[in-house]
Amino acid sequence: MSTHPLPPFPAPTTTPTGVRAGRSLSALICVVAVGAVTACAPSEGAVAPSPAAAVAPASPGAGASRGTMGAPGIGDPDFPSDGNGGYDVQHYDLRLSYDPASRKLAGSATIEAKAVQDLTSFDLDLHGLAVSRVTVDGGAAGFTRNKDELVIEPGRRISNGDRFAVAVDYSGVPEPMRDSANLGKYGFISTPDGAFVTCEPNGAKTWFPSNDHPSDKATYDFQITVPEGLTAIANGEMTGTPQTKAGKTTFVWREKHPMASYLATMTTGKFQVRTGTSDKGLPIYAAVADSFHGSLDQLFTETGKITDYWSTVFGPYPFSSTGGVIDDYAAGYALENQTKPIYGGFSPEPTIIAHELAHQWFGDSLSIGRWRDLWLNEGFATYAEWLWAEHAGQYTADSAFRRYYANAADPMWNYPPGTARASDLFGSAVYNRGAMTLHALRREIGDDKFFPLIREWTNAHRYGTVTTQEFIALAERVSGKNLKELFDAWLFQPRRPAPIT
Ligand SMILES: [Zn+2]
């Protein structure tokens, strides 16, 4: 995600320049959010896992159990009702039909899962929409709604370890999530010609029933039907030519690599599309709303170039294609939707593309198991902006670090980025102080250890779930140094760390 966390650089209070004038498009929410940082959370015990860490999900579906009833939350201490316990989703098969004129969505979702406890009932997350039918392994199942929980009672008891398939038929007018403390509006957002779909952190439930938390990743098949003339864009690759019948066109997409629910999309509308391959042969899918037609070639070219470059810095690209989408909905932010970052109403400059594509490694392939570890996504993606600027000859990562560091009054010093807060998940400290943490580490251990560490990190945890503690442990192993003080000062203390040497 890049949003408010893409502040003007350098900090406006120190050196106003136009270096990142483009950022003003995405800086709107930031100003509000940063201004709201009036108090700091105390350090949570720094490098040692906090007590909350002990209850964080160690594996998908590990939320606290209530006997044989799957828990209504997966166990994230800061988002207690997000996700669900008792099962681990393997695959989503989503058949969706959307009509922009009536704003009606009709869906049939089949979710293949594995029980991690005995289950007489379990939950899916679903926001609004009317459920007409639920089956489990083909047999009718009972269901009730409780706010955003869809509680399902299968006709038979599911035993720990069983694989089962739950199918949900549903329809209605999707309503996006609204959270003024975070992004404002997110999830399924209808537009005049379709929908802009960006779901971080928990907006997948606005358009399909899911285990809506990044600690339960799964593969996806999408079959999306829209009025003829529109394009439906999802993750992964198209598995065939779109088929048109009776004035409607169906697009079929498959994401065969594990994906967090918030990275799934079914963005639809009038788009101009360019496909091809990068210099290294990776397929590219770029799409822009008609009003951004002048940006299509640049989006295509920069996306290929940057993906190829990151694969030399961060390790092999984790997915089967890369891409990007510019929609004409003025979200003021971008989101790293898996294989196809989406830019909400602006033509992104290369550093923003670099940020979103870095997330394909940090956030998408390697996912966090609890939202407070968000710096592992955003600190890395922000540092990637600095690395891209350095590569492109704009400015060095070291100069970016020093300019941020020089602003002693920056509120981010009060905010330990190692513990992102639910009430301000996308606070600037998570981004900028998170990136500074990586630069401080790079200076401490040197480039000859830092870059192999990053590649080892993406390789060891490819498609997996990661924690801050695991990163610290790997950094110590690769460098042979005790780094606890460094990480404690940069990630967990509510004050500006001592200068780096
Ligand atoms: Zn981001």
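Described in the following lines is the structure provided in the data block. Along each chain, residues carry numbers from 1 onward, in the same order as the chain's sequence is written. Given that the model is predicted, a residue must reach a pLDDT of at least 70 before its local features are reported, and side-chain atom pairs must reach 80 or more before they are shown or counted; all residues, however, enter totals for whole chains, interfaces and linings.

A short note on the overall build of the chain
Inference 1: Helix and strand assignments come from DSSP, with helices taken as H or I runs of at least 4 residues and strands as E runs of at least 2, each series counted from the N terminus. Per the secondary structure count, the chain includes 10 helices and 24 strands.
Inference 2: Per-residue burial for the chain yields a buried fraction of 53% across its 501 residues. To sort residues by exposure, count the other C-beta atoms lying within 10 Å of each residue's C-beta; 20 or more gives buried, 12 or fewer gives exposed, and values between give partly exposed, all with C-beta atoms placed from the backbone.

Remarks on the sheet that holds strand β21 (residues 334-335)
Inference 1: DSSP bridges decide pairing: two strands pair if at least two such bridges lie between them. Pairing is mixed in the open sheet, where 5 strands are placed in the order β18-β19-β20-β22-β21. Taken across any chain shown, the strands that pair with only one partner, and hence form the sheet edges, are β18 (271-277) and β21.
Inference 2: By the bridge criterion, 2 bridges tie β21 to strand β22 (residues 342-344) in an arrangement that is antiparallel. Its bridge partner lying in β22, A334 is registered against Y343.
Inference 3: Each of β18, β19 (283-289) and β20 (322-327) touches helix α3 (residues 296-313); the most contacted strand, β19, lies at about 145° to it. By definition, residue pairs are in contact when their C-beta atoms, positioned from the backbone, come within 7 Å. Lines fitted to the C-alpha atoms define the axes, with helices restricted to the stretch that makes contact. Angles between their N-to-C directions range from 0 to 180 degrees.

Let's talk about the nonpolar core
Inference 1: As used throughout, a nonpolar core is a set of buried Ala, Val, Leu, Ile, Met, Phe, Trp, Tyr and Cys residues joined through C-beta atoms within 7 Å of each other. One finds M266 and A358 to be the most contacted residues of the largest nonpolar core, which totals 130 residues.
Inference 2: Here this core gets 10 residues from one element, more than from any other, and that element is helix α5 (residues 375-391).
Inference 3: In this view, A358 contacts W310, F380, A381 and A384; residues no more than four positions away in its chain are not counted.

Things to note about the environment of G172
Inference 1: Here G172 is to be found in strand β8 (residues 163-172).
Inference 2: A tally of 14 C-beta atoms within 10 Å means that G172 is categorised as partly exposed.
Inference 3: Separated by 69 residues in sequence, G172 and R103 place their C-alpha atoms 8.1 Å apart.
Inference 4: The residues touching G172, leaving out its near neighbours within four places in the chain, are K104, L105, G128, L129 and A130.

Considerations on the sheet that holds strand β6 (residues 142-146)
Inference 1: Here 3 strands make up an open sheet; going across it, the order is β3-β7-β6 and the pairing antiparallel. Each edge of the open sheet is held by one strand with a lone partner, namely β3 (122-125) and β6. Neighbour-to-neighbour, the strand axes of the sheet open up by a mean angle of 25°, direction not taken into account.
Inference 2: As judged from the 5 bridges shared by β6 and strand β7 (residues 149-153), these two strands associate in the antiparallel manner. When the bridges of β7 are listed, F143 appears paired with I152.

Concerning the packing of helix α4 (residues 350-358) against α5
Inference 1: At their nearest, the axes of α4 and α5 sit 8 Å apart, and the two run at 135° to each other. Considering the angle they form, α4 stands oblique to α5. For the pair α4 and α5, the sense of crossing is right-handed. Here α4 contributes P350, T351, A354, H355 and A358 to the contact with α5, which in turn contributes F380, A381, T382, A384, E385, W388 and A389.
Inference 2: Taken together, the residues of the contact of α4 with α5 break down into 8 nonpolar, 3 polar and 1 charged. Under this scheme an angle from 65 to 115 degrees is roughly perpendicular, one under 35 degrees roughly parallel, and one over 145 degrees roughly antiparallel; angles in between are oblique. By the definition used in this description, the sense in which the near helix is turned from the far one sets the handedness, with an anticlockwise turn below a right angle giving left-handed and a clockwise turn giving right-handed. All amino acids are sorted into three groups, where Ala, Val, Leu, Ile, Met, Phe, Trp, Tyr, Cys and Pro are nonpolar, Asp, Glu, Lys and Arg are charged, and the leftover types, Gly among them, are polar.

Here we look at unusual backbone geometry
Inference 1: In this model, E200 is joined to P201 through a cis peptide bond whose omega is 5°.
Inference 2: Along the chain, the position of P201 falls in the loop between β11 (194-198) and β12 (218-227).
Inference 3: One non-glycine residue, D137, lies in positive phi territory at about 50°.
Inference 4: Examined against the element boundaries, D137 turns out to sit in the loop between β4 (130-136) and β5 (139-140).
Inference 5: Positive phi outside glycine occurs at T339, with the angle close to 70°.
Inference 6: Residue position: T339 is located in the loop between β21 and β22.
Inference 7: The buried category is assigned to T339, around which 28 C-beta atoms lie within 10 Å.

Structural notes on the packing of helix α8 (residues 447-460) against helix α9 (residues 468-479)
Describing two packed helices takes the angle between their axes plus the distance from one axis to the other.
Inference 1: Two elements in contact, α8 and α9, have axes separated by 10 Å at closest approach and are oriented at 135°. Here α8 is positioned oblique relative to α9, judged by the angle of their axes. Pair α8 / α9 crosses with right-handed handedness. Contacts between α8 and α9 involve K449, P452, L453, E456 and W457 on the former and, on the latter, F471, L474, A475, V478 and S479.
Inference 2: Of the residues belonging to the contact of α8 with α9, the class tally is 7 nonpolar, 1 polar and 2 charged.

Observations concerning helix α6 (residues 397-406)
Inference 1: The complete set of buried residues in α6 reads A397, A400, F401 and Y404. One face of α6 carries all of its buried residues, which in axial projection span an arc of 100°.
Inference 2: Residues of α6 that are buried in the fold lie against α5 and α7 (428-445). As used here, the arc belongs to the directions running from the helix axis to the C-beta atoms.

Considering the environment of R274
Inference 1: Along the chain, R274 falls in strand β18.
Inference 2: Assessed through the 15 C-beta atoms surrounding it within 10 Å, R274 is described here as partly exposed.
Inference 3: Sequence separation between R274 and D297 is 23 residues, and the spatial gap between their C-alpha atoms is 7.7 Å.
Inference 4: In this view, R274 contacts A286, L296, D297 and F300; residues no more than four positions away in its chain are not counted.

Describing the pairing of β12
Inference 1: Judged from the 7 bridges that link them, strand β1 (residues 87-99) and β12 form a sheet pairing that is parallel. Bridged to H91 within β12 is T219.
Inference 2: As judged from the 9 bridges shared by β12 and strand β16 (residues 248-259), these two strands associate in the antiparallel manner. Within the sheet, the bridge partner assigned to A218 lies in β16 and is M259.

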